[in-house]
Amino acid sequence: MTSTNPNTGEIGSSRVKRGLAEMLKGGVIMDVVTAEQARIAEDAGAVAVMALERVPADIRAQGGVARMSDPDLIDQIISAVSIPVMAKARIGHFVEAQVLQALGVDYIDESEVLSPADYVNHIDKWEFTVPFVCGATNLGEALRRINEGAAMIRSKGEAGTGDVSEATKHIRKITSEINALKAMTKDELYVAAKELQAPYELVAEVAATGKLPVVLFTAGGVATPADAAMMMQLGADGVFVGSGIFKSGDPAKRAAAIVKATTMYDDPQTIAEVSRGLGEAMVGINVGDLPAPHRLAERGW
Amino acid sequence: MAASTPKVGVLALQGDFREHLAVLGELGAEAVPVRRPAELAEVQGLVIPGGESTVMDKLSRAFGLREPVQRAISAGLPVYGTCAGLIMLADRVLDAIDGQLTLGGLDVTVRRNAFGSQVDSFETDLPMPVLGDEPVHAVFIRAPIVEEVGAAATPIGTLADGRVVAVEQGNLLGTSFHPEVTGDYRFHDYFLQKVRAA
């Protein structure tokens, strides 16, 4: 929602909302569950932190309904760091989003990692001044979220597994669908819009520009510097690392290594250098061993 | 050495460097990303993009760019910083994290993230006499402001309330806002004039 601050100017515009994501590009956004972890992440070179009560691996292990974090925790993390702080609301839970906006978070992640609050509707994100990032497994889903006002997209992957295969699948799917649109004639785009279940105007825009109208990060299963660099080589603008850092043996060192590998994603020598002696990676779960009802990426519609 | 097609680098450690590369390219420069000292050595001007200053600081040290860039600035290399880039060019920073360093060069004190959280980010029109009569449409994203302008630097743009958001000092140029995202190329053109004259 766009409005005017008499002391400065127009706030909440698409340009301002999408603009913050532009500034995060080439960076690593890290999940943190305490102020102390947030400081470690900032010190390691995180471009932003995601404040939450449990990392996806624990949500997965402990089960139960996963909700927005306690406002006290979010306040503590906001005071602990100078970089942007993101927080998660449940899919469709517009009141959690209102609360997060009131707390002054810099970005809201309407996230499939939490238990959905609405199995039909996502949040009408145009109603907010704060920008939103949403997950997507394919281009149609990404464009539906952008149509609802998302200012940034992250491919979903399979959170909390440490298995990068789903992240690979989703970023490849999105980029290959974009490439397919680029090759289509105008009349074919109408059918493509129908098949993608996305608005024609957005489909035509992607076909013309060859990219999403918002920044595209990747998420879900990134656990090593090489994982992050692979996502960048596959066309991501940046990466989210969830459980991969603070579920590993030496979080500070691994976090700094992933940051460096994200910048030097096309330089195997540097990736090799930063990958040395990182200690134990998160143990992880193979996505193939997860029964379908426990796959978070299938949440969202 | 001035050339009509100058080779201009954009610090590509993190942030919106692709936008700067595109603008510089459209204005007729040979625009190249800079992540290594060898790449820096070949450019006649440098842009430090928007992004996170804490991250750029860490990565510029990790990849051995900090001292070469500082030497280049001292030697007169034209450098333009937007937002985080302005912070990197400032001699003094307020609200920095522990241990955060800047490259320095601009005799100013900059406050990071001076307007509040992202919900306070904004866009507005600013008069900018050095660029002509037409105002600049400026986008401020968790932007810094220049709290104090030292004797060597000159303010060239302010908000309506007088806060300084654009400064110049010889071959150095810094703005709190992001001309690279609005399609108004006049700031980059102004910077390229410095590069061509250097």
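Residues numbered from 1 in each chain as written. Chains lettered and ligands numbered in written order. Predicted model: local features only at pLDDT ≥ 70, side-chain atom pairs only at ≥ 80, totals over all residues. Heavy atoms only, no water.

**Quick look at the overall build of chain B**
Assigned secondary structure in chain B consists of six helices and 12 strands. Overall, chain B is about 40 × 40 × 30 Å in size when its C-alpha atoms are taken along their principal axes. Across the 198 residues of chain B, 61% fall into the buried class. The long-range fraction of contacts in chain B, counting pairs at least 24 apart against all pairs at least 6 apart in sequence, stands at 65%. Total accessible area on chain B is roughly 6,900 Å²; 50% of this is exposed by carbon and sulfur atoms. In chain B, 16 positive and 25 negative side-chain charges are present, and the distance between their average locations comes to 7 Å. (Helix = DSSP H or I, 4+ residues; strand = E, 2+ residues; numbered from the N terminus. Buried < 20%, exposed > 50% of the residue type's maximum accessible area, 1.4 Å probe, protein only. Contact = heavy atoms within 4.5 Å. Areas by Shrake-Rupley, 256 points an atom, 1.4 Å probe, with all protein chains shown as cover. Lys, Arg positive; Asp, Glu negative; His and termini not counted. Charge placed at Lys NZ, Arg CZ, Asp CG, Glu CD.)

**Some details on the sheet that holds strand E7 (residues 122–126) of chain B**
Read from one edge of the open sheet, four strands run E1(A)-E2(A)-E7(B)-E8(B), paired in antiparallel fashion. In the strand order of this sheet, the two ends are held by strand E1 (3–4) of chain A together with strand E8 (136–140) of chain B, each with one partner. Looking at chain direction, strand E2 (residues 10–11) of chain A and E7 of chain B are connected through two bridges and run antiparallel. When the sheet's bridge partners are listed, Glu10 of chain A is paired in E7 of chain B with Glu123 of chain B. (Pairing = 2+ DSSP bridges.)

**Points about the nonpolar core**
Grouped together as the largest cluster of nonpolar side chains are 122 residues, with contacts concentrated most on Met152 and Ile153 of chain A. In this structure, Met152 of chain A is in contact with Ala21, Leu24, Ile29, Met86, Tyr107, Phe132, Val133, Cys134, Val214, Val215, Phe217 and Phe240 of chain A, ignoring residues within four places of it in sequence. Counting 31 residues, the second largest nonpolar core, distinct from the first, contains Ala12, Phe122, Phe187 and Tyr190 of chain B. (Core = buried A, V, L, I, M, F, W, Y, C linked by side-chain atoms within 4.5 Å.)

**Here's the deal with the confidence of the model for chain B**
The predicted coordinates should not be examined in detail at positions where pLDDT is low. Across chain B, pLDDT averages 96, with 98% of residues at or above 70. This complex was scored by the predictor with a pTM of 0.96 and an ipTM of 0.96. (pLDDT = per-residue confidence, 0-100.)

**Topic: the packing of aromatic side chains**
Inspection of every chain in the model, using the stated rule, returns 11 aromatic pairs over all chains. Summarising the aromatic geometry, the rings of Phe217 of chain A and Phe240 of chain A are spaced 5.7 Å apart at their centres and angled 70 degrees between planes, so their arrangement reads as edge-to-face. One end of the pair, Phe217 of chain A, is in strand E9 (residues 215–218); the other, Phe240 of chain A, is in strand E10 (residues 239–241), with 23 residues separating them in the sequence. Owing to a relative accessible area of 5%, Phe240 of chain A belongs among the buried residues under this scheme. Taken together, a centroid distance of 6.0 Å and an interplanar angle of 20 degrees make the contact between Tyr80 of chain B and Phe187 of chain B stacked. In this pair, Tyr80 of chain B is assigned in strand E4 (residues 79–82) and Phe187 of chain B in helix H6 (residues 186–197), connecting sequence segments 107 residues apart. Given the relative accessible area of 0%, Tyr80 of chain B is considered buried. Every member of this aromatic cluster is reached through a ring pair, and the members are Tyr80, Phe115, Phe122, Phe140, Phe177, Phe187 and Phe191 of chain B. (Phe/Tyr/Trp six-rings, centres within 6.5 Å; stacked < 30°, edge-to-face > 60°.)

**Let's talk about the packing of helix H2 (residues 35–44) of chain A against helix H4 (residues 71–80) of chain A**
All names here are of chain A. Contact pair H2 / H4: the axes reach a minimum separation of 8 Å and the direction vectors enclose 35 degrees. In this structure, the crossing between H2 and H4 has a hand that is right-handed. Two secondary-structure elements touch here, H2 through Ala35, Ala38, Arg39 and Glu42 and H4 through Gln76, Ile77 and Ala80. Here the contact of H2 with H4 is composed, by residue class, of four nonpolar, one polar and two charged. (Axes fitted to C-alpha atoms, helices over the stretch in contact; angles between N-to-C directions. Left-handed = near helix turned anticlockwise from the far one by under 90°. Nonpolar A, V, L, I, M, F, W, Y, C, P; charged D, E, K, R; others polar.)

**Some remarks on the pattern of salt bridges**
Scanning the entire structure with this criterion turns up 33 salt bridges over all chains. A salt bridge links Glu19 of chain B to Lys25 of chain A; the shortest N-O distance between them is 2.7 Å. Of this pair, Glu19 of chain B sits in helix H1 (residues 17–26) while Lys25 of chain A sits in the loop between helix H1 (14–24) and strand E3 (28–32), on two different chains. Across the salt bridge formed by Arg142 of chain B and Asp106 of chain A, the nearest N and O atoms sit 3.0 Å from each other. One end of the pair, Arg142 of chain B, is in the loop between E8 and strand E9 (145–149); the other, Asp106 of chain A, is in the loop between helix H5 (94–103) and strand E6 (107–111), on a second chain. With respect to burial, Arg142 of chain B and Asp106 of chain A carry one shared label: buried. In this structure, a network of salt bridges that share partners links the residues Lys88, Asp109, Glu112 and Arg154 of chain A. (Salt bridge = Lys/Arg side-chain N within 4 Å of Asp/Glu carboxyl O.)

**Regarding the pairing of E6 of chain A**
All names here are of chain A. In terms of residue burial, E6 counts as a mostly covered element, since five of its five residues are buried. Strand direction decides the pairing type here: strand E5 (residues 85–90) and E6, joined by five bridges, are parallel. Along E6, the bridge assignment pairs Arg90 with Ser111. Regarding the hand of the β-α-β motif, the stretch spanning E5, H5 and E6 is right-handed. (Right-handed = clockwise from strand over helix to strand, strands pointing away.)

**Topic: helix H10 (residues 225–233) of chain A**
All names here are of chain A. Burial in H10 covers these residues: Pro225, Asp227, Ala228, Ala229, Met231 and Met232. The inward-facing, buried residues of H10 abut helix H7 (165–182), E9, E10, helix H12 (251–263) and helix H13 (268–275). Of the residues trailing H10, Gly235 is marked for its positive phi of about 110 degrees.

**Re the interface of chain A and chain B**
The partner chain B presents 40 residues to the 42 residues of chain A that form the contact. If you sort the residues of chain A by the area they bury against chain B, Thr8, Arg15 and Met23 of chain A come out on top, with a joint share of 22%. Linking chain A with chain B are 19 residue pairs in polar contact (both at pLDDT 80 or more). Secondary structure elements with two or more residues in the side of chain A that touches chain B: E2, H1, H2 and H12 of chain A. Ranked by residue count, the leading element in the side of chain A that touches chain B is H1 of chain A, at eight residues. (Buried area = accessible area lost by both parts, 1.4 Å probe. Polar contact = N/O pair within 3.5 Å; in protein donor to acceptor, adjacent residues only side chain to side chain.)

**So, the side chain of Gln14 of chain B**
Counting through the fold element by element, Gln14 of chain B comes out in the loop between strand E1 (7–11) and H1. With relative accessibility at 1%, the residue Gln14 of chain B sits in the buried group. Among the polar contacts listed, one links the side chain of Gln14 of chain B to the backbone oxygen of Lys25 of chain A, at a separation of 2.9 Å. In terms of polar contacts, Gln14 of chain B uses its side chain to reach the backbone amide nitrogen of Glu52 of chain B, at 2.9 Å. Once you skip the residues sitting within four places of it in the chain, Gln14 of chain B turns out to touch Met23, Leu24, Lys25, Gly26, Gly27 and Val47 of chain A together with Pro49, Gly50, Gly51, Glu52, Val55 and Met56 of chain B.

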